Structure formats: C-alpha cells, structure tokens
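Chain by chain, the residues:
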Amino acid sequence: MGSLFETARRLLSSLWDALINAFFITADFEDDDVSFQWIMHWLSEQPSWKGARNVQISTSNFDLLHGVEIDSGEDSSTHSRKVTYLPAVSESYTLWYKYRWMGVTRAVQSSQGGWSTRETLTLSVMARDHGILAKILQDAKNGYIKAREDKITIYVSDSMNGWRGLATRPKRPLNSIILDPGTAELVVEDVRDFLSSKEWYAERGIPFRRGYLLHGAPGSGKTSLIHSIAGELGLDVYIISLSRSGLDDTSLADLISDLPERCIALMEDIDAAFHPGLSRETPHASSMQTPNDLGPDMQRTRPQPSGRVSLSGLLNALDGIGAQEGRVLFATTNKYNSLDPALRRPGRMDLHIEFKLASRFQAEELFKRFYAPSPSASARGSESKHPTALGKRGNGHVDTTGDPLIDLSESQAPPAPFSSSSPSPSPSFPSSPSSPPYPSPTATEKHEENTSDRPASGPTYVGVVHSGRAPTLSRDQINALAAQFALAVPERQLSMASLQGFLMMHKTRPFEAAADVEAWVEKELMERREAEKGENEQ
Ligand SMILES: Nc1ncnc2c1ncn2[C@@H]1O[C@H](COP(=O)(O)OP(=O)(O)OP(=O)(O)O)[C@@H](O)[C@H]1O
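About the cut-offs
- Residues numbered from 1 in each chain as written.
- Predicted model: local features only at pLDDT ≥ 70, side-chain atom pairs only at ≥ 80, totals over all residues.
- Heavy atoms only, no water.
- UniProt positions renumbered as here; feature names shortened; annotations may be inferred.
- Buried < 20%, exposed > 50% of the residue type's maximum accessible area, 1.4 Å probe, protein only.
- Helix = DSSP H or I, 4+ residues; strand = E, 2+ residues; numbered from the N terminus.
- Pairing = 2+ DSSP bridges.
- Axes fitted to C-alpha atoms, helices over the stretch in contact; angles between N-to-C directions.
- Parallel < 35°, antiparallel > 145°, perpendicular 65-115°, else oblique.
- Left-handed = near helix turned anticlockwise from the far one by under 90°.
- Contact = heavy atoms within 4.5 Å.
- Nonpolar A, V, L, I, M, F, W, Y, C, P; charged D, E, K, R; others polar.
- Patch = residues over 30% accessible without salt bridge, like charges linked within 9 Å, V, L, I, M, F, W, Y side chains within 5 Å.
- Areas by Shrake-Rupley, 256 points an atom, 1.4 Å probe, with all protein chains shown as cover.
- Salt bridge = Lys/Arg side-chain N within 4 Å of Asp/Glu carboxyl O.
- Lys, Arg positive; Asp, Glu negative; His and termini not counted.
- Charge placed at Lys NZ, Arg CZ, Asp CG, Glu CD.
- Expected span 1.5 Å × (residues − 1).
- Arc of directions from axis to C-beta.
- pLDDT = per-residue confidence, 0-100.

By the naming in an unreviewed UniProt entry, the protein chain goes by P-loop containing nucleoside triphosphate hydrolase protein and is assigned to Boletus edulis BED1. A UniProt comment under Subcellular location (unreviewed entry) is attached to the protein chain, and it reads "Mitochondrion inner membrane". Its UniProt record gives the protein chain the following Sequence similarities (unreviewed entry) comment, quoted word for word: "Belongs to the AAA ATPase family. BCS1 subfamily."

For the rest of this paragraph, the subject is the pairing of strand S8 (residues 151–157). Of all seven residues in S8, six are buried, a share of seventy percent or more. Direction of pairing for S8 relative to strand S9 (residues 163–170): antiparallel, over a ladder of seven bridges. Following the sheet pairing, Ser157 is matched in S9 by Trp163. The antiparallel pairing of S8 with S9 creates a hairpin that spans five residues between the two strands, and Asn161 there sits at a positive phi of about 60°. Across three bridges, the pairing between S8 and strand S11 (residues 237–239) is parallel. Each residue of the ladder has a partner; that of Ile154, found in S11, is Val237.

With that settled, consider the packing of helix H14 (residues 496–505) against helix H15 (residues 510–537). Relative to each other, H14 and H15 sit at 130°, their axes nearing to 11 Å. The angle between the axes of H14 and H15 places the two elements in the oblique class. For the element pair H14 and H15, the recorded crossing hand is right-handed. Seen from H14, the contacting residues are Ser498, Leu499, Phe502, Leu503 and Met505; seen from H15, they are Ala513, Asp516, Val517 and Trp520. Class assignment of the residues belonging to the contact of H14 with H15 gives a composition of seven nonpolar, one polar and one charged.

Okay, the sheet that holds strand S12 (residues 263–267) next. Across a sheet, strands are paired by hydrogen bonds formed along the backbone, either parallel or antiparallel in direction. Read across the sheet, seven strands follow the order S9-S8-S11-S12-S13-S10-S14 without closing on themselves; strand pairing throughout is mixed. Edge strands, defined here as strands with exactly one partner in the open sheet, are S9 and strand S14 (351–355). Looking at each pair of strands side by side, their axes are set apart by 25° on average, direction ignored. Where S11 meets S12, three bridges bridge the pair, whose relative direction is parallel. When the sheet's bridge partners are listed, Tyr238 is paired in S12 with Ala265.

On the surface, a cluster of negative charge is contributed by Asp28, Glu30, Asp33, Asp254 and Asp258. Checked against the element boundaries, Asp28 lands in strand S1 (residues 24–30). Since its relative accessible area comes to 51%, Asp28 is described here as exposed.

Moving on to helix H4 (residues 131–147). For H4, which comprises 17 residues, the first-to-last C-alpha distance of 24 Å matches the rise-based estimate of 24 Å (1.5 Å per residue) to within 8%. Three or more residues of H4 are buried, namely Ile132, Leu133, Ile136, Ala140, Gly143 and Tyr144. Looking down the long axis of H4, one finds its buried residues gathered within 100° of arc, a one-sided arrangement.

Attention now goes to unusual backbone geometry. For residues besides glycine, phi is generally negative; the peptide bonds are generally trans as well. In this structure, Lys98 takes a positive phi of about 50° despite not being glycine. Here Lys98 is to be found in the loop between strand S5 (92–97) and strand S6 (100–111). By relative accessible area, Lys98 is classed as partly exposed at 47%. One non-glycine residue, Arg492, lies in the positive phi region at around 55°.

Here the focus is the confidence of the model for the protein chain. For the protein chain, per-residue confidence averages 75 on the pLDDT scale, and 70% of positions sit at 70 or higher. Of the regions scoring below 50 in pLDDT, residues 61–80 engages in 45 contacts with residues more than four places distant in sequence or in other chains. With pLDDT under 50 throughout, residues 275–306 is counted as low confidence; its partners more than four residues away or in other chains account for 67 contacts. The ipTM value of the predicted complex is 0.99, and its pTM value is 0.70.

So this is what it looks like as structure tokens:
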C-alpha cells in the first residue's frame, strides 16, 4: 500500500514538473549579477506586488527600490528613511503581469559555515517562449536605469570574489572639481570618445580597453574627479582593492573578467600594492614603504596590504583574454616614479594625468565656490516669511549691492551657547568702506582652546558646528575676498584638501578666512619644515 502511494506521489510530481516545463519559463537571478537589482526594482514597482502579505522590510539606502517614506512630520531630508518591502526569504508569491500568472521565490543559501550567503530570485512566468522574459528584463533594466539617473553606484568585491553593491551616491558636478583649466574636460571627453569608439577598435583588432593613471599630490582631487566622471557618463564604479585579504592572482582575474561592459574599474593607491623593489613574481608587501617623499600635510597612513596579488598577476588580469572589453580603468597613485614601467605603459595606462598642489587660480576658485550662496538657500531667503528691510541683513549688516539676502536673524543662526570674543576688523580687506562689517563669529565656530569666556554650563567641543550659516555676500564681495585669499596662498605648496579644510574651519566667516589665511599658511609651512627636519635628523 505504502509503495503504491509513493509511486503515485512520484508520478504526480513528475507530471507537475512536466506541466511547469511545458507552460512556464523559469529564470534565476543571482545577487552578484546586476540583473538581480533590476528585477528587485521592477518587482517593487508592480501594482500586484502591493498586495503581498508577507514581506521583508529593508531600510538600506543602497537599493533604489520603490519604498514607502516613513514621514516623521519633520524635515524629510534629515528625519525620514525610505522603507522598502522586499520578497521574504523562502516565501513564494504569485503576481499578475500583462494578464499572465507569475511565481516569485527568493532563496538564500549559506556557505563556508554561514560566513557567506548567496541570494537567488526565481521568476516563473506562464509562457511558451522567451519573449515575455525578454520584455520583463527590458522593462526592469529601463526602470532601474531611470531610477538611478542622478546617482552612481559603487561596487566592491566581496569575500566570495563576486561584486556587491556598496552604496549609491549622488552625482558630483564636474565643475565642483577645480583643476588647472581644461584638465577635467580633457579626461571626461577622452573617456566619452573612447566609449563611443567600439567599432574602431574592433575593425583594427585592438582590445577595447583604456586605462587612466591619475598621479600626484594627495588631496588634489584624483578620486573626486573619477566619481564626477562616473556621474557625468552614467557609469558605475567598481573598486578593486588589490590589498584585500583573500584576493590572489586567480580571483583578481575572475573579478576583472566579471566586470560589466561599460563601467569604471578603480584601483586606488596602486603604488601601495606594488613598487619596483619587489620581484614580479613575489606577492607584495608594501608595509616596507614609508610615505617620506612628501610634506607632512601630504603624508598618510598606508593600508597594510594583506592580499596575495603579484604584479604579473595584475598585468595578466589587465590584458589577459579574460579582461573585460569596454572597461575603463582608473588607477591613482601619489608615487608615480615608484610604479613598475610595465604597469604604466600604454595599453595598460594610456593617459597619465598629473595632479599638482593647489595653484593660486585653484585657491581663488575654491573660495568662490565655497562661499557662493547655494540656489536653494537663495530661494529660501527670498521666500522668507519675515523679510528684512531692503538692503539690511537680519544680523544688522547693510548690503550695498541689492543682491538677494538671507535673513540670518531667524532660524539659521543658533542661539549662542557662550559669549563671543570681539572680532578684529579686517584691515586688508580691499572692498569699499560701505562693505559689511566683519561678521561676529558665532559660538558655533569656537574651539575648545577658547574656554575663558565660556559659561560653565556650555557644551565642550572642538571644531565647527555645522548649523552655522555664512552671511550672503554679493558676487563682487566674494570675488574681492577670493582674490585676497588666493594672494596669500603660495603657488603649489598646499593641497586643495587642506585649503578646503581651512575654509571648513571658517565656514560662516568668509572675511576672517581671507584675513587669517596668511598666518595659517605660514604655520602650515613651518610645521612641515620642522617635520622634514625631524625626519632628516633621524
Ligand atoms: N581639485 C579639487 N577641487 C575641489 N575639491 C578638491 C580638489 N582636490 C581635493 N578636493 C577636496 O579634497 C578632498 C579630498 O580629495 P580627493 O580624495 O579627491 O583627493 P585625492 O587626490 O584622491 O587624494 P588621495 O591621493 O589622498 O587619495 C575632497 O573632499 C575634495 O572635495
């Protein structure tokens, strides 16, 4: 009797499988493939998905799935978090798509004793051929691309040597990277032209790949430019960390061959992984390196590499048969000369761009950008419910230009937690006598060292509190201050990152920034000289 039941069960099971095979198309999507993201996004858009009863909640902001904003009733940019309903693991769902029945299952498999997991999404659609699947994939891809129009996605390799989405970032405008005139445009146009030249390469049998080596001073905008180019050209960034533990020559080659056709592969600080003192066959050990050929403000702690990639492994991965066609490789280094010539040669690194320390031109442009009122702030200012008298600032400053002003007397200036010291006027400021008096530094910009005039109950902190706002300056005022600022910055001695850091310390005080920069530069350079002297004596 028992064997009869078993035979009947098997028969029914085979019949069911045959039925599914005959009338359904089944597709699996693995989470290390970008199509998994397309389908998850597409699923979240389906009207019938909204009826799903058992769902998993995600507040991860990596995904771009259509979620539900949980509104706290306050400023949404700071308080609300997007909540997304995902298919629950090991649950089966049924949906209707274009009058067709569809089954959806999400499964998670663990391996390596639970250390790593792999997700699969399975779609079964009632159809006789692949046409409907192709249509779903096309819709899913288009929807996903549209959702990311103003973002770039950053991928890193995971412990299983697959690609994993790390974060989505808003695009950074190209004009926010201040380089010598024409540099940013040269690189972005080169990449654009390369990407549109597939046929040219095919006709000549040349591998369709291009490498860019950005080298030079730390904090000069190399990484920022790459992110900006990715946004400009709609490319995702795949970070290849050569020193990641567990990465060896074979897995590096696999990772590179797994890159999608149009993307940016980014290898940062490539010098930290290789230098000529090491044999091509020897796994690197860049902990031997010391960042000694740069000034103190340029020195940095190098990550201690623990990977096992050899230089020959990298060279093979870059131009071996598995190397992905159409990929754009960006590598950055602070030590151009220490790179093996084989790595720098055309074919691997076709365009080498040098990034120098800040010029006066860059310092001036940085200042202008830093204190320029943002369009949203100007709009808020003009919509103020309590407009100040024409030409008069909320904080008592008189504007002589008629430019739109932001009322600083209202919500923007936080109440002073402790009394402010009287600021010195700016004797060198070259603007007209009617220009606004020196704005009082708000309490938010005080530093912990200035404790003498602070009430005992006041908060103790170091640095600049973010809520402070700079006074709105006219274009002429900004230009004059920027010129004064740039005059005090010596050519090619300080990095843009350090100048940005100085301006951040004067976030609400453009007049002081212009007046104090000279003393700050002197102090920076003196500290650098002393550090260099100390190093030489050792
Ligand atoms: N040329 C520049 N224009 C505008 N901002 C810059 C520029 N250079 C650096 N910065 C600012 O300095 C910071 C560090 O820049 P970034 O990481 O791009 O420098 P980097 O050259 O890649 O440095 P590293 O070699 O140390 O990795 C960023 O916040 C960036 O906004």
